[in-house]
2 protein chains.
Amino acid sequence: MEYILPLQRLIEQFRHLPGIGAKTAARMAFSVLELTDEEAREFADAVIGAKENIHKCKCCCNFSEEELCPVCSDADRDPSVICVVEDARDVFAFEKVREYKGLYHVLGGCLSPLNGVGPEALNMKQLLDRLADGTVAEVIVATNPTVEGEATAMYLARLITPIGVKVTRLAYGVPVGGDLEYADEVTLHRAIEGRRNII
Amino acid sequence: MEYILPLQRLIEQFRHLPGIGAKTAARMAFSVLELTDEEAREFADAVIGAKENIHKCKCCCNFSEEELCPVCSDADRDPSVICVVEDARDVFAFEKVREYKGLYHVLGGCLSPLNGVGPEALNMKQLLDRLADGTVAEVIVATNPTVEGEATAMYLARLITPIGVKVTRLAYGVPVGGDLEYADEVTLHRAIEGRRNII
């Protein structure tokens, strides 16, 4: 027995979401059936509303309701530092820390020649444009600590350093609260390499 | 930094779904932002469409597009057996087995005095109505193997047996493919109690 069609359609929609398998999608679809009409309408409106009202910030390519995102339009942020991230989600991760006061630039992914993602597919030109007027003194490359993220960082460093802008990379090391026993060798190696004086 | 409002609204919608925490909800919401307008519209339509087109089967209270669900309207099913389940999802679980040829009845939950769920909150009257004409010879109570499910089964047995309809319960035992080592004592006890001749 197949699920009835409208249910099947809804399950398939949920399955397209990241990390959602067939069983979870079915559970979610059934829970939608238990919503009131009003609640289902709100759900659907939230989906449409998010798509309609959220655009890319014209400066940093982060998601934004306005032309400029809240970070770019905040006069208190330090315009001399740009933190380059792969993804808009990473911006929210950094903002939660509440320590970083510079600006961001969302690449929209990382270089991945195997998947056919070259520099032109990422928001690199926009980044270079932002460096043109000399305001920016440092670019922190916060791409993911993966092979592709690493390659992207290297590529950006080679591209940007000649302009006279400092390019830095996030520190590698053991995660706070983690257990050394479970740290992989590469991470431990980087942690030893990057060791610092305690006092 | 808060998420921007339309994003926050969408994340909250996802959080209401079962088993979805804050992080997963955020990941799902971000993935919706990456859908095309067309895809987002399809998603929203699927939510609305499921709510609008799916109703309760007027016979067994299962979800259905038509007045009668596919099982109730199937002339090949055996109308003398009714399998009583808590939830419409359970119907789909049984249908996957492809062995059961009788009908179903969806209670819409189980008795739970602590949560204020009494018999009148469940589809029990509809079940009794179906037993009135004498077609049904057996009611298999397939409520969940929990304390509440058990109490509901007992309640139904006391209610239905006097009408002259046989009331049975699913077998308890160790799950197939499971590991005895991890079976709890109550399950093992029931498995021993319900042991059967091999030949």
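Scoring rules and cut-offs
- Residues numbered from 1 in each chain as written.
- Chains lettered and ligands numbered in written order.
- Predicted model: local features only at pLDDT ≥ 70, side-chain atom pairs only at ≥ 80, totals over all residues.
- Heavy atoms only, no water.
- Least-squares fit on C-alpha atoms with pLDDT ≥ 70 in both.
- Contact = heavy atoms within 4.5 Å.
- 1 Å grid on protein atoms, 1.4 Å probe; cavity = no way out; pocket = protein on both sides within 12 Å on 5 of 7 lines; lining within 4 Å.
- Points joined across faces, edges and corners; volume = space filled by probe spheres on them.
- Helix = DSSP H or I, 4+ residues; strand = E, 2+ residues; numbered from the N terminus.
- Nonpolar A, V, L, I, M, F, W, Y, C, P; charged D, E, K, R; others polar.
- Axes fitted to C-alpha atoms, helices over the stretch in contact; angles between N-to-C directions.
- Left-handed = near helix turned anticlockwise from the far one by under 90°.
- Phe/Tyr/Trp six-rings, centres within 6.5 Å; stacked < 30°, edge-to-face > 60°.
- Lys NZ or Arg CZ within 6 Å of the ring centre and 35° of its normal.
- Domains from an automatic or database assignment.
- Pairing = 2+ DSSP bridges.
- Polar contact = N/O pair within 3.5 Å; in protein donor to acceptor, adjacent residues only side chain to side chain.
- Buried < 20%, exposed > 50% of the residue type's maximum accessible area, 1.4 Å probe, protein only.
- Right-handed = clockwise from strand over helix to strand, strands pointing away.
- Patch = residues over 30% accessible without salt bridge, like charges linked within 9 Å, V, L, I, M, F, W, Y side chains within 5 Å.
- Areas by Shrake-Rupley, 256 points an atom, 1.4 Å probe, with all protein chains shown as cover.
- Salt bridge = Lys/Arg side-chain N within 4 Å of Asp/Glu carboxyl O.
- Lys, Arg positive; Asp, Glu negative; His and termini not counted.
- Charge placed at Lys NZ, Arg CZ, Asp CG, Glu CD.
- Core = buried A, V, L, I, M, F, W, Y, C linked by side-chain atoms within 4.5 Å.

1. Section: the relation of the copies chain B and chain A
- When chain B is fitted to chain A, the best match, at an RMSD of 0.0 Å, comes from turning it 180° and sliding it 0.0 Å along the axis. Read as a symmetry element, the transformation amounts to a two-fold axis. The position closest to the rotation axis in chain B is occupied by the C-alpha of Ala44 of chain B, lying 2.1 Å away.
- Here 98% of the interface residues in chain B have copies in chain A that are interface residues too; the copies meet face to matching face.

2. Considerations on the layout of surface pockets
Residue and element names in this part refer to chain A.
- Volume-wise, the largest pocket comes out at about 650 Å³.
- Around the largest pocket, the lining is made up of 23 residues, and of these Asn144, Pro145, Leu170, Ala171 and Tyr172 lie nearest the centre.
- Going through the elements one at a time, helix H4 (88–97), helix H6 (147–160) and helix H7 (185–193) are the ones with two or more residues in the lining of the largest pocket.
- Of all the elements, H4 adds the most residues to the lining of the largest pocket, at 6 residues.
- Residue composition of the lining of the largest pocket, by class: 10 nonpolar, 5 polar and 8 charged.

3. Some thoughts on the packing of helix H1 (residues 5–15) of chain A against helix H3 (residues 37–53) of chain B
- Two elements in contact, H1 of chain A and H3 of chain B, have axes whose closest approach is 9 Å; the angle formed by their N-to-C orientations is 145°. Of the two possible hands of crossing, H1 of chain A and H3 of chain B adopt the one that is left-handed. From H1 of chain A, Pro6, Arg9, Leu10, Gln13 and Phe14 of chain A reach across to H3 of chain B, where they touch Glu39, Glu42, Phe43, Asp45, Ala46, Val47, Gly49, Ala50 and Asn53 of chain B.
- When its residues are assigned to classes, the contact of H1 of chain A with H3 of chain B shows 7 nonpolar, 3 polar and 4 charged.

4. Examining the packing of aromatic side chains
- Under the counting rule described, the total for this entry stands at 19 aromatic pairs over all chains.
- Note on Phe14 of chain A and Phe43 of chain B: the rings are 5.6 Å apart at their centroids and 85° apart in plane angle, and the pair reads as edge-to-face. Of this pair, Phe14 of chain A sits in helix H1 while Phe43 of chain B sits in helix H3, which puts the two residues in different chains.
- Here the aromatic cluster, defined as three or more aromatic residues joined through ring pairs, consists of Tyr3 and Phe30 of chain A together with Phe63 and Phe92 of chain B.
- The ring of Tyr172 of chain A has Arg190 of chain A sitting right over it, with the charged end atom 4.4 Å from the ring centre.

5. Quick word on the domain arrangement of chain A
- When cut into domains, chain A gives domain 1 (5–53) and domain 2 (75–171).
- The C-alpha centroid of domain 2 of chain A is placed 34 Å from the C-alpha centroid of domain 1 of chain A.

6. Description of the sheet that holds strand E4 (residues 102–106) of chain A
Residue and element names in this part refer to chain A.
- If you trace the 4 strands from one edge of the open sheet to the other, you get E4-E3-E5-E6, paired in parallel fashion. What marks the edges here is a single partner per strand, and that holds for E4 and strand E6 (166–169). Ignoring which end each strand starts from, the neighbouring axes of this sheet average 25° apart.
- Examined bridge by bridge, strand E5 (residues 138–141) and E6 share 4 bridges and lie parallel to one another. From the neighbouring strand, Glu138 faces E6, where its bridge partner is Lys166.
- Contacting strand E3 (78–85) and E4, H4 crosses the sheet at an angle of about 160° to E4.
- Packing of helix H5 (residues 124–131) onto the sheet brings it into contact with E3, E4 and E5, and relative to E4 it is tilted by some 150°.

7. Side note on the environment of Asn123 of chain A
All names here are of chain A.
- With respect to the helices and strands, the residue Asn123 is situated in the loop between E4 and H5.
- Here the alpha-carbon distance between Asn123 and Gly108, two residues 15 residues apart in the chain, equals 6.4 Å.
- Not counting residues within four places of it along the chain, the set of residues in contact with Asn123 comprises Lys56, Cys61, His105, Val106, Leu107 and Gly108.
- Reaching out from Asn123, the side chain makes a polar contact with the backbone oxygen of Val106 at a distance of 2.9 Å.

8. Some details on the pairing of E4 of chain A
- With 5 of 5 residues buried, E4 of chain A is to be regarded as a mostly interior element.
- In this region the chain leaves E3 of chain A, passes through H4 of chain A and returns to the parallel neighbour E4 of chain A; the handedness of that crossover is right-handed.

9. Description of a negative patch on the surface
- A cluster of acidic residues, Glu38, Glu39, Glu42 and Asp45 of chain A, forms a negative patch on the protein surface.
- Along the chain, the position of Glu39 of chain A falls in helix H3 (residues 37–53).

10. Notes on the nonpolar core
- Residues Leu7, Phe14 and Phe43 of chain A together with Leu7, Phe14 and Phe43 of chain B are the most contacted members of the largest nonpolar core, which totals 54 residues.
- Those elements that place two or more of their residues in this core are H1, helix H2 (22–33), H3 and H4 of chain A together with helix H1 (5–15), helix H2 (22–33), H3 and helix H4 (88–97) of chain B.
- Discounting residues that sit within four places of it in the chain, Phe43 of chain A has contacts with Phe14, Val32 and Leu35 of chain A together with Gln13, Phe14, Leu17 and Val47 of chain B.

11. A word on the side chain of Thr152 of chain B
Residues and elements named next belong to chain B.
- Relative to the helices and strands, Thr152 resides in helix H6 (residues 147–160).
- At 2.7 Å, the side chain of Thr152 and the backbone oxygen of Glu148 are in polar contact.
- Leaving out residues up to four positions away in the same chain, Thr152 has contacts with Leu107, Cys110, Leu111, Met124 and Thr143.

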